[in-house]
Amino acid sequence: LVTRTKMSTTFYSKKFNWETSVSVKHAVKLVEAGTEGIAFRLSLDSKDDWAILSGCLKASTSCKALDFKGCGIKQDGAFSLAQILSDENLIQYLYMYDNQIGDNGTRVIAECLQSSAAASLTYISLSKNNIGDIGARYIGEFLENNNSLLFLGLGS
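This section reports on the structure supplied with the text. Worth saying up front: this structure is predicted, and the values here are computed from it rather than measured.

Section: the packing of aromatic side chains
Link 1 in the chain: On inspection of all chains with the given rule, the structure shows nine aromatic pairs.
Link 2 in the chain: Consider the rings of Phe40 and Phe68, whose centres lie 4.6 Å apart with planes at 10°: the pair is stacked. On the criterion of sequence distance, the pair formed by Phe40 in strand β2 (residues 37–40) and Phe68 in the loop between β3 (65–67) and α4 (75–86) is long-range, its members being 28 residues apart.
Link 3 in the chain: On the basis of relative accessible area, Phe40 is assigned to the buried category, the value being 1%.
Link 4 in the chain: Ring centres 6.0 Å apart and planes at 15° place the aromatic pair Tyr95 and Tyr97 in the stacked group.
Link 5 in the chain: Under the relative-accessibility criterion, Tyr95 is labelled buried at 16%.
Link 6 in the chain: Of the residues examined, Tyr97 reaches a relative accessible area of 25% and is grouped as partly exposed.
Link 7 in the chain: Ring pairs connect the aromatic residues Phe16, Trp18, Tyr93, Tyr95, Tyr97, Tyr123 and Phe151, which therefore count as one cluster.

Things to note about the side chain of Asn146
Link 1 in the chain: By the secondary structure assignment, Asn146 is in the loop between α6 (133–144) and β6 (151–153).
Link 2 in the chain: With relative accessibility at 18%, the residue Asn146 sits in the buried group.
Link 3 in the chain: A polar contact of 3.0 Å, which involves the side chain of Asn146, links it to the backbone nitrogen of Ser148.

Quick look at the state of the cysteines
Link 1 in the chain: Overall, the coordinates contain zero disulfides when judged by the stated rule.
Link 2 in the chain: Cys56 takes part in no disulfide bond, and the closest cysteine sulfur, belonging to Cys63, lies 7.6 Å away.

A few points about the sheet that holds β2
Link 1 in the chain: The strand order β1-β2-β3-β4-β5-β6 describes an open sheet built from six strands, whose pairing is parallel. Lying at the two open borders of the sheet, with one neighbouring strand each, are β1 (18–21) and β6. The average angle at which neighbouring strand axes cross in this sheet is 10°, direction not considered.
Link 2 in the chain: With three bridges connecting them, β2 and β3 associate as parallel partners. Paired with Ala39 across the bridge in β3 is Asp67.

A closer look at the packing of α4 against helix α5 (residues 102–113)
Helix-helix packing is characterised by the crossing angle of the two axes and by the distance between the axes.
Link 1 in the chain: Where α4 meets α5, the closest approach of the two axes is 8 Å, and the angle between their N-to-C directions is 5°. One way to sum up the angle between α4 and α5 is to call them roughly parallel. Where α4 abuts α5, its residues Gln75, Ala78, Phe79, Leu81, Ala82, Leu85 and Ser86 lie against Asn104, Gly105, Arg107, Val108, Ile109, Cys112 and Leu113.
Link 2 in the chain: Among the residues making up the contact of α4 with α5, the classes are represented as nine nonpolar, four polar and one charged.

Describing the pattern of salt bridges
Link 1 in the chain: Under the defined criterion, the tally for this structure stands at two salt bridges.
Link 2 in the chain: Across the pair Asp67 and Arg41 runs a salt bridge, and its minimum N-O distance is 3.1 Å. Taken as a pair, Asp67 in strand β3 and Arg41 in the loop between β2 and α3 (47–59) lie far apart in primary sequence, 26 residues in all.
Link 3 in the chain: Under the relative-accessibility criterion, Asp67 is labelled buried at 9%.
Link 4 in the chain: We classify Arg41 as partly exposed; its relative accessible area is 37%.
Link 5 in the chain: Between Arg107 and Glu111 there is a salt bridge, with the nearest N and O atoms lying 3.5 Å from each other. Taken together, the positions of Arg107 and Glu111, both in helix α5 and four residues apart, correspond to about one turn of that helix.
Link 6 in the chain: Residue classification places Arg107 among the partly exposed residues on the basis of a relative accessible area of 24%.
Link 7 in the chain: Its relative accessible area of 46% is what places Glu111 among the partly exposed residues.

What counts and how
Residues numbered from 1 in each chain as written. Predicted model: local features only at pLDDT ≥ 70, side-chain atom pairs only at ≥ 80, totals over all residues. Heavy atoms only, no water. Phe/Tyr/Trp six-rings, centres within 6.5 Å; stacked < 30°, edge-to-face > 60°. Helix = DSSP H or I, 4+ residues; strand = E, 2+ residues; numbered from the N terminus. Buried < 20%, exposed > 50% of the residue type's maximum accessible area, 1.4 Å probe, protein only. Polar contact = N/O pair within 3.5 Å; in protein donor to acceptor, adjacent residues only side chain to side chain. Disulfide = S-S within 2.5 Å. Pairing = 2+ DSSP bridges. Axes fitted to C-alpha atoms, helices over the stretch in contact; angles between N-to-C directions. Parallel < 35°, antiparallel > 145°, perpendicular 65-115°, else oblique. Contact = heavy atoms within 4.5 Å. Nonpolar A, V, L, I, M, F, W, Y, C, P; charged D, E, K, R; others polar. Salt bridge = Lys/Arg side-chain N within 4 Å of Asp/Glu carboxyl O.

Here is the structure:
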């Protein structure tokens, strides 16, 4: 299982043309330039920031991968991210390692992933997000009806 996880992560990290963004304005420029994968290295706690990201990702025809490792995303950010994912988009890869979405944030993400709009997602990492038994149950319900997901990371 460990080898498979490493292979999946390596496969996806090499699959996309990645750029790193340290501001929301920079992320918008990257999306407009046709970047496939954006690694966010900033704190995303403002509803205004999420609204800007939502607008540019909704209009994107190229962005397929989002890396929010350690961005301090909490439950409110998970709600905003769920809205982005429930819009029609091309997102295949979602890396949420080391945030704090908790059980309620997991619930809203799992609910949006059950929509047909999120059918393109094949890789999701929610490791180190303070997800307990209740959040794991939400993920289990999502998995019962999902045929497209190839990788799910839920480690602590």
